[in-house]
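# Structure assessment
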Amino acid sequence: MSAKKSPEELKGIFEKYAAKEGDPDQLSKDELRLLIQTEFPNLLKGSSNLDDLFRELDKNGDGEVSFEEFQVFVKKISQ
Ligand SMILES: [Ca+2]
Ligand SMILES: [Ca+2]
């Protein structure tokens, strides 16, 4: 099965996990971890690790990933 998802699916996934705690429009690291473990379980195998990924996505360094910042992840998994 392919990991590819449509932009609509990805937006739905972002919103579902971002709403779990704190700001409903932002993904905390725990929310990102849950999102990836549930929706993209193959992604964190091998060398990539969640801390590095989170740092890469959180461009403005506020400790949360906005939907805009999430687009980097979307590009990554669409390659
Ligand atoms: Ca949140
Ligand atoms: Ca951020």
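Everything quoted here is computed from the prediction, not taken from an experiment.

Before going further, it helps to examine the coordination of the calcium ion (ligand 1). The protein atoms that coordinate the calcium ion (ligand 1) are Ala18 (O), Glu21 (O), Asp23 (O), Gln26 (O), Glu31 (OE) and Glu31 (OE), at distances of 2.4 to 2.6 Å. Every donor counted, the 6 donor atoms about the calcium ion (ligand 1) form angles of 51 to 166° at the centre, which fits irregular coordination. Spacing between the donor residues of the calcium ion (ligand 1) along their common chain follows A-x2-E-x1-D-x2-Q-x4-E. For Ala18, a relative accessible area of 0% gives the class buried.

In the first shell of the calcium ion (ligand 2), the protein supplies Asp58 (OD), Asn60 (OD1), Asp62 (OD), Glu64 (O), Glu69 (OE) and Glu69 (OE), at 2.2 to 2.5 Å from the metal. Donor residues for the calcium ion (ligand 2), ordered by position in the chain, follow D-x1-N-x1-D-x1-E-x4-E. With Asp58 in the loop between α3 (50-57) and β2 (65-66) and Glu69 in helix α4 (residues 67-78), the pair connects residues that are 11 residues apart, well separated along the chain. There is no split in this pair, since Asp58 and Glu69 are both buried.

Cut-offs and rules
Residues numbered from 1 in each chain as written. Chains lettered and ligands numbered in written order. Predicted model: local features only at pLDDT ≥ 70, side-chain atom pairs only at ≥ 80, totals over all residues. Heavy atoms only, no water. Donors = N, O, S within 2.8 Å, 3.2 Å for Na, K, Ca; no water. Tetrahedral: all angles 85-135°; square planar, octahedral: opposite > 155°, others 65-115°. Buried < 20%, exposed > 50% of the residue type's maximum accessible area, 1.4 Å probe, protein only. Helix = DSSP H or I, 4+ residues; strand = E, 2+ residues; numbered from the N terminus.

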